Amino acid sequence: MKEREIRASFKGLIPFIVFIFIYLGTGIFLNMKGVNLAFYQLPGPVAASAAIIIGFIIFKGTIQEKFETFLEGCGHQDIITMCVIYLLAGAFAVVSKAMGGVEATVNLGITYIPPHFIAVGLFIIGAFISTATGTSVGAIVALGPIAVGLGEKSGVPMALILAAVMGGAMFGDNLSVISDTTIAATKTQGVEMKDKFRINLYIAAPAAILTIILLVIFGRPEVAPEVAVQSFDLVKVLPYIFVLVMALIGVNVFVVLTAGVLLSGVIGFAYGDFTLLSFGQEIYNGFTNMTEIFILSMLTGGMAQMVTKEGGIQWVIEAVQKMIIGKKSTKLGIGLLVGLTDIAVANNTVAIIINGSIAKQLSGKYEVDLRESAAFLDIFSCIMQGIIPYGAQMLILLGFAKDAVSPTELIPLLWYQIFLGVFSVIYIIFPAISEKVLKTLDK
């Protein structure tokens with residue numbers, strides 16, 4: 001069915017609303033019951049399945065017609081591409097960690113960053129780990145206990161120490177070429193990873209620089225803690241650098257990730273970390289780590305196709321259009337939509353997947369470059385995810401501090417997320433910046 005034949009219908013949006021309601025409602029209910037990580041207890045695919053069933057019940061047409069529409073969305077080239085990349089990214093992350101890559105990276109940073117730059121050092125190490133591994137939660141889990149120990153010995157306010165770790169973790173989550181948020185943002189908009197990265201970096205770099213300056217000024221310890229020299233093998237950091245460089249120079253992402261898995265495997269074999277069998281097992285562990293987001297992407301792809309055909313996406317676009325008058329408001333609208341969705345579902349990847357098709361259609365209508373819409377989907381979802389007190393990142397990090405720091409103490413010190421939002425708005429409201437950046441990409 002051609003887009004011009006689709007009539008706007010709020011009814012078409014009901015499955016998305018049901019999905020968010022179930023996901024958010026369960027989280028709120030469990031949080032009131034005192035359940036840890038309440039917003040992560042109900043798997044996303046279960047909430048999506050319930051919403052899809054509602055769609056089958058209320059939408060017009062035969063069961064066969066609705067099923068064909070659903071499968072068309074599940075099997076869309078962008079969805080399948082995204083899912084395969086998830087599997088390869090998961091394999092690379094797990095294999096590289098299993099051969100000691102994460103531990104080597106942490107020890108390298110802790111060894112060579114001067115003790116009197118504890119806060120800024122934690123920000124930089126967190127940024128590198130999350131960029132290399134593609135996960136903010138992974139960076140927080142790896143670095144959080146070390147950061148708390150250094151904070152207790154240094155006299156630097158614990159809230160500032162934790163804010164530095166959180167900022168660094170979200171830097172990489174937003175920029176990593178193997179992050180599920182970046183994969184979702186680029187594939188839903190149909191753009192190249194390297195182009196989205198470069199636009200994103202123009203906004204993230206000044207935010208990171210200002211954060212580093214403030215951490216240097218306000219993060220000096222009263223007593224420089226002794227940091228023991230940690231053992232590490234520099235060669236175990238190489239797969240991360242390899243993947244980052246290859247992706248940024250434009251090598252096909254499937255080739256990059258496959259080569260990254262093999263390189264990590266070779267290093268693991270050389271150091272005795274793997275047998276051929278255990279190497280295969282770690283690859284499969286990486287695949288299974290991505291099971292939830294893999295299934296969720298397929299289900300939401302099918303749901304989005306049903307919602308689009310029923311006029312739900314068109315309804316949102318027409319509603320948003322009342323506030324949109326051009327490119328600037330379109331970009332802000334995309335950021336607002338994905339940010340509000342992340343507040344609702346507490347998962348930045350889910351927020352991007354939900355809003356991907358809406359952002360693409362809005363961008364097409366108002367001539368916003370899809371590379372920019374991909375960047376803003378990722379940026380605004382990561383800003384919110386790095387601030388909300390019930391997000392996994394915040395809950396895990398505060399848990400390491402054993403509740404010695406409250407969210408209200410931590411949130412005002414999340415300078416990186418705040419600056420990232422400020423520079424995003426500056427980029428949007430001054431078209432000359434956007435034009436200059438896009439010209440550099442087109443050269």
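What counts as what
- Residues numbered from 1 in each chain as written.
- Predicted model: local features only at pLDDT ≥ 70, side-chain atom pairs only at ≥ 80, totals over all residues.
- Heavy atoms only, no water.
- Helix = DSSP H or I, 4+ residues; strand = E, 2+ residues; numbered from the N terminus.
- Rg over C-alpha atoms; globule rule 2.2 N^0.38 Å.
- Contact = heavy atoms within 4.5 Å.
- Areas by Shrake-Rupley, 256 points an atom, 1.4 Å probe, with all protein chains shown as cover.
- Lys, Arg positive; Asp, Glu negative; His and termini not counted.
- Charge placed at Lys NZ, Arg CZ, Asp CG, Glu CD.
- Buried < 20%, exposed > 50% of the residue type's maximum accessible area, 1.4 Å probe, protein only.
- Axes fitted to C-alpha atoms, helices over the stretch in contact; angles between N-to-C directions.
- Parallel < 35°, antiparallel > 145°, perpendicular 65-115°, else oblique.
- Left-handed = near helix turned anticlockwise from the far one by under 90°.
- Nonpolar A, V, L, I, M, F, W, Y, C, P; charged D, E, K, R; others polar.
- Phe/Tyr/Trp six-rings, centres within 6.5 Å; stacked < 30°, edge-to-face > 60°.
- Lys NZ or Arg CZ within 6 Å of the ring centre and 35° of its normal.
- 1 Å grid on protein atoms, 1.4 Å probe; cavity = no way out; pocket = protein on both sides within 12 Å on 5 of 7 lines; lining within 4 Å.
- Points joined across faces, edges and corners; volume = space filled by probe spheres on them.
- Salt bridge = Lys/Arg side-chain N within 4 Å of Asp/Glu carboxyl O.

1. Looking at the overall build of the protein
Helices and strands together make up the secondary structure of the protein, namely 22 helices and zero strands. Here the C-alpha atoms of the protein give a radius of gyration of 22 Å, agreeing with the 22 Å that 2.2 N^0.38 yields for 443 residues. The long-range share in the protein, meaning contacts at least 24 apart out of those at least 6 apart in sequence, stands at 81%. Summed over its atoms, the accessible surface of the protein is roughly 18,800 Å², and 66% of this surface lies on carbon and sulfur atoms. Here the protein carries 27 positive and 29 negative side-chain charges, and the mean point of each set is 8 Å from the other.

2. Points about the side chain of Ser-264
With respect to the helices and strands, the residue Ser-264 is situated in helix H12 (residues 253–270). If sequence neighbours within four positions are ignored, Ser-264 has contacts with Phe-92, Val-95, Ser-96, Met-99, Pro-239 and Phe-274.

3. Here we look at the environment of Gly-312
For Gly-312, the position within the fold is in helix H15 (residues 312–321). Among the residues examined, Gly-312 registers a relative accessible area of 0% and is labelled buried. In this structure, the C-alpha to C-alpha distance between Gly-312 and Ile-324, residues twelve residues apart in sequence, is 18 Å. Setting aside residues up to four positions removed in sequence, Gly-312 forms contacts with Ser-9, Gly-12, Leu-13 and Val-307.

4. Side note on the packing of helix H7 (residues 136–154) against helix H19 (residues 392–400)
It is at 9 Å that the axes of H7 and H19 come closest, and there the two elements cross at 20°. In terms of axis orientation, H7 runs roughly parallel to H19. Considering the relative orientation of H7 and H19, their crossing is right-handed. Within the contact between the two elements, H7 uses Ser-136, Val-137, Ile-140, Val-141, Gly-144, Pro-145 and Val-148 and H19 uses Ala-392, Gln-393, Ile-396, Leu-397 and Phe-400. Among the residues making up the contact of H7 with H19, the classes are represented as nine nonpolar, three polar and no charged.

5. A word on the packing of aromatic side chains
One pass over the structure, following the stated rule, counts 14 aromatic pairs. Between Phe-274 and Phe-279 the ring centres are 5.7 Å apart and the planes differ by 45°, which places this aromatic pair in the tilted class. On the accessibility criterion, Phe-279 (10% relative accessible area) is buried. Of the aromatic side chains, those joined through ring pairs into one cluster are Phe-56, Phe-67 and Phe-70. Across the ring face of Tyr-271, the terminal group of Lys-236 is positioned such that the distance to the ring centre comes to 4.8 Å.

6. Focus on the layout of surface pockets
Put simply, the largest pocket is a space of about 1,100 Å³. The wall of the largest pocket is formed by 41 residues, among which Thr-135, Val-137, Gly-138, Asp-180 and Asn-289 lie closest to the centre. Put simply, the parts of the chain that give the lining of the largest pocket at least two residues each are helix H4 (77–98), helix H6 (118–133), H7, helix H13 (276–289), helix H14 (291–310), helix H17 (348–365) and H19. Partitioning the lining of the largest pocket into residue classes produces 21 nonpolar, 16 polar and four charged. Taken as a whole, the second largest pocket encloses approximately 440 Å³ of empty space. Taken together, 17 residues make up the lining of the second largest pocket; nearest its centre are His-76, Asp-78, Thr-188, Gln-305 and Ser-357. When residues of the lining of the second largest pocket are traced back to their parent elements, those giving at least two are H4, helix H9 (180–189), H14 and H17. A class-by-class count of the residues in the lining of the second largest pocket yields four nonpolar, ten polar and three charged.

7. Focus: the pattern of salt bridges
In total, this model carries six salt bridges according to the counting rule given. In this structure, Asp-369 engages Arg-371 in a salt bridge whose closest nitrogen and oxygen atoms are separated by 2.9 Å. As a salt-bridge pair, Asp-442 and Arg-371 come within 3.1 Å of each other at their nearest N and O atoms. Of this pair, Asp-442 sits in helix H22 (residues 431–442) while Arg-371 sits in helix H18 (residues 370–385), and the two are 71 residues apart along the sequence. Overall, the relative accessible area of 53% leaves Asp-442 in the exposed class. For Arg-371, a relative accessible area of 12% translates into the label buried. Each of Asp-369, Arg-371 and Asp-442 takes part in a single network of salt bridges with overlapping partners.

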